[in-house]
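# Remarks on the overall topology
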Amino acid sequence: MAETDTKRVTEEEALLLHASGRPGKLEITATKPLTTQRDLSLAYSPGVAVPCLRIHEDPSAAYDYTAKGNLVAVISNGTAVLGLGDLGALASKPVMEGKAVLFKRFADVDGIDLEVSTSDVDEFVNCVRFLGASFGGINLEDIRAPDCFVIEQRLRELLDIPVFHDDQHGTAIIAAAGLINACELTGRRLGDVRMVVNGAGAAGIACAELFTALGLPRENIILCDTKGVVFRGRTNGMNQWKSAFAVDTDARTLADALKGADVFVGLSAKGAVTPEMVKTMADKPIIFALANPDPEITPEEVRAVRADAIIATGRSDYPNQINNVLGFPYIFRGALDVRASTINEAMKVAAANALARLAREDVPDEVDAAYSGRRLRYGPDYIIPVPFDPRLIVTVPPAVAQAAMESGVARKPIVDMTGYRNGLRTRLDPTADSLELILDKVRANPRRVVFAEGEEDRTIRAALAFRAAGYGTPVLVGREEVIRERLAAIGQHAVTDLEIHNARLSDANRRYSDFLYRRLQRTGALYRDCQRMVNQERNVFAACMVAQGDAHAMVTGLTRSFSASFDEVRRVFDPRAGERVFGLTAMVSRLRTVFIADTTVHEVPDSETLADIAIQAAAKARQMGHEPRVALLSYSNFGQQAHHENVSRVRDAVTVLDSRRVDFEYDGEMSADVALDFDLMKRVYPFCRLSGPANVLVMPGLHAANISAKLLQKTTRGHVVGPLLIGLDRPVQIVQMGATVSDLVTMAALAAHDSLPW
């Protein structure tokens, strides 16, 4: 068991983080250039008057000319800060700043924190209502009950933008997602469930309301508070929100209510539930002990008396954390993107169902890695997704947006939902934008791609993901019985239609051996050598499938070095006529994409080879949507080291390109800083032919290229695509050893794309 959050984080560490450097967790950055007087004139006076007048004429134009459509106010008065109580508005600011950071990190929503120094409901409502014009949405936070109910309801009536109290609805949505899956795993219908909710504050009431919207009968819920069961006829400590859940029951205490109950949802206090109470619950009890920082009962205490229970908490050091960050960023993302006037019940239900469905899907390796390599698989210890799952951004917002459109609260409906999902992906993953046109083309022209290392778990999962994405038919090379065992081990027992080829038993074995012998007989290979290679070397067998037209492309490299995999496929494939074989690595960040060549094959390329690599790399960059500007790199700039052989190779390559009259920008020899810093380039070398910073870097040798690419991969926030294998006469991609499932799928799709006619 991992250490608890409170043990991991000391007071000193927390204070140091918030105080170090620029105090706090937020800053504001400009999205438009402000470097010249003209920039200032356009952004401010006099240019700013034009959008002001347009907005005066048409208030909806504010979404077109300002940041309103991506701006959420995170507002609190500090009357219920975390589990700390009424700390006041100012002391709530670190929490509100943190909430704004989470909005940006997980959904690219800009959040501004506002702390309102009043505990008076009327004053608070008036303050927020008059600020509403500034924002696309309002996220209320850490406001005590029952004030929070009144405040939210009144602001929803007064404002035409989404108003969402996350302590209520965020918790309810995530808990609802977990409940949907817990019921499925225990064979329950939600309409038959008997539930006890302990805690009649904001979150408790909201959970009960949403559960009823999902289909749980109101009479099947027993609500408890500090005075016991909320029963019909009770007068002590009641309000209108509790009264809505008052039921006819003889139970008067929490212990009474839990007897025979299927589900316990706690939003109350540490230790409220005892092991003895848990013993009295129904078979396979579902226990959501969500009090923070300490749950009503710990998972260890539950396990000691009920091994059949499914347990969730609010803690990150236990499985099944009910974490609001799974909800609010993505719910607002979807609501903002359709300019919803409110966040209604249909949108909340859609978010809960989307989260529940996502938990049932295969989890990417990157997510496992973020959680100490723990294999996350749908089951009792994984009923809801985890916060760092990158698929949340393309799963929850579309569901929320669709529900908003269907329920009539969307003022800007989305016409192309597929395009919308693609756009969401690019918000957090800069590689997605570069690849999307390529992937769309593959979806429109599905291909057969051979996954050579078919017995590996990651390969099998990648094959399933490749098929699910619509890229085509995956073909696995391996022993069928082993692959079936692996499928069962990863929870895919029902998958029976994957195409599997055992090289030794394949009907094509003889045909492939004959083909390989014709290729290699004059290179010292006997027929039995070729037969052994086809039988035993999966890369050779997979390559023969492609060479003989039984598949369009192949992907390999997961378990072997690049050089070993490359040598095996080269027994089957030749370079494309007139081209060089080399590796091209793309480094993609929000600011720029840079292609680096050759990162895999040529150790010391001569000038003709460098020129060929430049031409082919430029073509690939253009194919991936970038207009190439090629720099041939050296440690010298334009003749500074004229007599050095390694410099002259690069300079001569420029001369070769001059003679070929290519259709892209290029120049060299130049150093990396000059190539990438356009201001430096124009200031010091104004004669340079490039019209902007280089985006294709042709390196003078393999050492420089490979080391540079891997340094950038490990030291920058950019994403890596590749190295892409360029120049073979058949489409092959070789991933890096230890590649993730996502890497395999991307490279398989790129191999598939290479098989299409340009």
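Up top is the structure these notes are about.
These notes cover the structure that comes with them. (Residues numbered from 1 in each chain as written. Predicted model: local features only at pLDDT ≥ 70, side-chain atom pairs only at ≥ 80, totals over all residues. Heavy atoms only, no water.)

With that out of the way, let us pick up the sheet that holds strand 2 (residues 110–115). Read across the sheet, 4 strands follow the order 2-1-3-4 without closing on themselves; strand pairing throughout is parallel. Of all strands in the sheet, those with a lone pairing partner are strand 2 and strand 4 (163–165), marking the two edges. Averaged over neighbouring strand pairs, the angle between their axes works out to 25 degrees when direction is ignored. The sheet contacts of helix 6 (residues 93–107) involve strand 1 (71–76), strand 2 and strand 3 (137–140), and relative to strand 2 the element is tilted by about 165 degrees. Helix-sheet contacts for helix 8 (residues 147–158) involve strand 3 and strand 4, and the interaxial angle to strand 4 is about 170 degrees. (Pairing = 2+ DSSP bridges. Helix = DSSP H or I, 4+ residues; strand = E, 2+ residues; numbered from the N terminus. Axes fitted to C-alpha atoms, helices over the stretch in contact; angles between N-to-C directions. Contact = heavy atoms within 4.5 Å.)

Across all of its chains, the model carries 4 cavities of 30 Å³ or more by this definition. Looking at the largest cavity, its volume works out to about 70 Å³. Lining the largest cavity, in full, are T585, T599, N706, A709, K710, Q713, V720, G722, P723 and Q736. The set of elements that each furnish at least two residues to the lining of the largest cavity consists of helix 31 (702–715) and strand 20 (719–726). Per-element accounting of the lining of the largest cavity gives the leading share, 4 residues, to helix 31. For the lining of the largest cavity, a count of residues per class yields 3 nonpolar, 6 polar and 1 charged. (1 Å grid on protein atoms, 1.4 Å probe; cavity = no way out; pocket = protein on both sides within 12 Å on 5 of 7 lines; lining within 4 Å. Points joined across faces, edges and corners; volume = space filled by probe spheres on them. Nonpolar A, V, L, I, M, F, W, Y, C, P; charged D, E, K, R; others polar.)

Our focus in this paragraph is the packing of aromatic side chains. Scanning all chains against the criterion turns up 13 aromatic pairs. Plain terms: the ring middles of F562 and F566 are 5.6 Å apart, the flat faces sit at 15 degrees to each other, and that makes the pair stacked. Taken together, the residues F562 and F566, both in helix 26 (residues 562–570) and 4 residues apart, mark about one turn of the helix. Both residues of the pair, F562 and F566, count as buried. The cationic tip of R105 hangs over the ring face of F106; the distance from NZ or CZ to the ring centre is 4.8 Å. In this structure, R218 is placed above the aromatic ring of F245, and the distance from its NZ or CZ to the ring centre is 4.4 Å. (Phe/Tyr/Trp six-rings, centres within 6.5 Å; stacked < 30°, edge-to-face > 60°. Buried < 20%, exposed > 50% of the residue type's maximum accessible area, 1.4 Å probe, protein only. Lys NZ or Arg CZ within 6 Å of the ring centre and 35° of its normal.)

With that settled, the discussion passes to the packing of helix 9 (residues 166–185) against helix 16 (residues 345–359). Two quantities define a packed helix pair, namely the angle between the axes and the distance from one axis to the other. Axis separation between helix 9 and helix 16 bottoms out at 8 Å; the angle between their running directions is 45 degrees. One way to sum up the angle between helix 9 and helix 16 is to call them oblique. In this structure, helix 9 meets helix 16 at a crossing whose hand is right-handed. Here H169, I173, I174, A176, A177, I180 and N181 of helix 9 come into contact with helix 16, specifically with K348, A351, A352, N353, L355, A356 and A359. (Parallel < 35°, antiparallel > 145°, perpendicular 65-115°, else oblique. Left-handed = near helix turned anticlockwise from the far one by under 90°.)

Once that is clear, we can look at the sheet that holds strand 14 (residues 553–556). Spatial strand order, 13-12-11-14-21: 5 strands in an open sheet with parallel pairing. This sheet does not close on itself; its edge strands, each paired only once, are strand 13 (499–501) and strand 21 (732–734). Along the sheet, successive strands turn relative to each other by an average axial angle of 25 degrees, direction set aside. Where strand 14 meets strand 21, 3 bridges bridge the pair, whose relative direction is parallel. Bridge pairing in strand 21 places T556 opposite I734.

For strand 17 (residues 629–633), a buried count of 4 out of 5 residues is recorded, marking the element as mostly surrounded by other parts of the structure. Relative to strand 18 (residues 665–670), strand 17 runs parallel, the two sharing 5 bridges. The partner of V630 across the bridge, within strand 18, is Y666. Here strand 17 runs beside strand 19 (residues 696–698); their pairing, made up of 3 bridges, is parallel. Bridge pairing in strand 19 links V630 to V696.

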